[in-house]
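A closer look at the structure
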Amino acid sequence: MKTLLYNIKELIQVREHLNNKFLKGEEMKTLPSIKNAWLLIEDGKISNYGSMEDMPAIAYEQQVDLNGKMVLPSWVDSHTHLVYAGNREQEFVDRINGLTYEEIAKKGGGIKNSAKKLQETPEDQLYKEAAARLEEVIKMGTGAIEIKSGYGLTTEAELKILRVIKRLKENYPISIKSTFLAAHAVPKSFHNSKAYVEHIIKDMLPVVAKEKLADYIDIFCEKGYFTVEDTKNILEAGAAVGLQGKVHVNQFNAIGGIQESVKQNALSVDHLEIMQEEDYNTLKNTQTMPVALPSCSLFIGIPYAPARKIIDKGLPLALATDYNPGTTPSGNMNLVVSLACIKMKLTPEEAINAATINAAYAMGVSDTLGSITKNKKANLIITDKIPSYGFLPYSFGNNHIDQIILDGKFITY
Ligand SMILES: N=CN[C@@H](CCC(=O)O)C(=O)O
Ligand SMILES: [Zn+2]
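The written sequence of each chain sets the order in which its residues are numbered from 1. Think of it this way: whatever chain is written first is A, whatever ligand is written first is 1, and the rest follow in order. Totals for whole chains, interfaces and linings use all residues, but because this is a predicted model, local features are given only for residues with pLDDT of at least 70 and pairs of side-chain atoms are given and counted only at 80 or more.

1. What to know about the overall build of the chain
- For the purposes of this entry, the term helix denotes a DSSP run of H or I that reaches at least four residues, the term strand denotes a run of E that reaches at least two, and both are numbered from the N terminus. Helix and strand counts for the chain come out as 15 helices and 16 strands.
- Considering only C-alpha atoms, the chain reaches an extent of 70 × 45 × 45 Å along its principal axes.
- Counting every position in the chain, which comprises 413 residues, the buried fraction comes to 54%.
- Here contacts are defined at the residue level, using C-beta atoms placed from the backbone and a cut-off of 7 Å between them. Of the contacts formed within the chain by residues at least 6 apart in sequence, a portion of 73% connects residues at least 24 apart. Every C-beta atom is placed from the backbone, and the number of other C-beta atoms within 10 Å of a residue's own sets its class: buried at 20 or more, exposed at 12 or fewer, partly exposed in between.

Shown next as structure tokens:
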């Protein structure tokens, strides 16, 4: 099947030759595009594109006149906890009334609250709820998504989440990567994090690996959750079964999680709200992508990751939602891109690069997604009629999406 999109006002993020798989520092300032463009989709992939001024004769089965609308690669959301049960509205109110995230967790709320609900929820119901969320984010322009386990905290419940993710992979055209995050909080039945980490490595990980239920491994490296030594042990055990790390670090405290993650060749380090000078140096010239999650900062009122400084130091940066019931009950990448501009002082070019090409690297899909490149998947956003791409983050709270294409097909839900 060949579909021709023509009269595209601007085709954004066109990159035929990308020397590296991600952009860093100054490189993030440029967002290449073709004005007044056409794009041909063939068998689900981008097969060609160019300017309307020199469009060759093209054979196609379907043609769509975009009449002044723009096209960009789908958003890539490289950090979510989309499979969860229930909600945490009460904690939302507790925070309004003055409690902090850490105080709520100490009272038995937080991750363990979600784990209790999830353990009691049948797999089919979990699947239905997660599928509804997935459809919701697809409609908001997300065309690739990473989903973590981590609200199970028992072997049975963690596997239940990973099986739900597997079913989502099978049933939806969006690209999905799965991350094993049993080390998200220490269950009450374990005396300390070390004992629980041993249980994860000895009893859970072999099953996850055998059933091929995960693409990556994660741990919440944070005071009161897991230590740097736990992080080392989890990442080493993951590597031994072929799972690279994508690690929660520096959300509330800088305790050395970045150093350990980089040492263990993690694909990404995520959160970074609290950064120390040595953390920037550690990340320099590595293959580990820093990932900022601005809607988490907005929702729970913690500092925004110093994304401006990260880029000014010459580092790369990706953006993601962190969609989860506790700290970010939103999977809206459009809002994330706006917040990155408004609160982190990224330019629209930097924010769009961080939410597409660099985000694709942060979830290991940059060979197939994240830019308008021949042979990449045709996962695309068609915008409303907007004056410029900068209007997307400027017009915060709005999505300005007219249509979504995944695997070359228009999405109708
Ligand atoms: N910080 C760790 N994990 C999640 C929040 C978990 C929760 O509160 O449910 C996050 O990335 O923000
Ligand atoms: Zn998270």
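2. Let's talk about the UniProt feature "binding site: Fe(3+)" (unreviewed entry) in the chain
- With numbering aligned to this structure, UniProt lists the feature "binding site: Fe(3+)" (unreviewed entry) at His-79, His-81, His-248 and Asp-322. Spanning 244 residues, the named residues form one tight spatial group whose C-alpha atoms are at most 12.1 Å apart.
- Secondary-structure assignment places His-248 in strand 10 (residues 244-249).
- His-248 gets classed as buried once you count the C-beta atoms within 10 Å, which come to 28.
- Setting aside residues no more than four positions away along its own chain, His-248 makes contact with Asp-218, Ile-219, Phe-220, Cys-221, Glu-222, Asp-270 and His-271.
- Here Asp-322 shows up in the loop between strand 13 (318-319) and helix 12 (333-344). UniProt positions are given in the numbering used here, feature names are shortened, and annotations may be inferred rather than shown by experiment.

3. Examining the site of ligand 1
- To decide whether a residue is near a molecule or strand, its C-beta atom is placed from the backbone and checked for lying within 6 Å of it. As a matter of local geometry, ligand 1 sits amid Gly-110, Ile-111, Ser-114, Phe-220, His-248, Gln-251, Cys-296, Asp-322, Asn-324, Pro-325, Gly-326 and Thr-327.
- Any residue outside Ala, Val, Leu, Ile, Met, Phe, Trp, Tyr, Cys, Pro, Asp, Glu, Lys and Arg is labelled polar, Gly included; the first ten of those are nonpolar and the last four are charged. When the residues that make up the shell around ligand 1 are grouped by side-chain class, the tally is 4 nonpolar, 7 polar and 1 charged.

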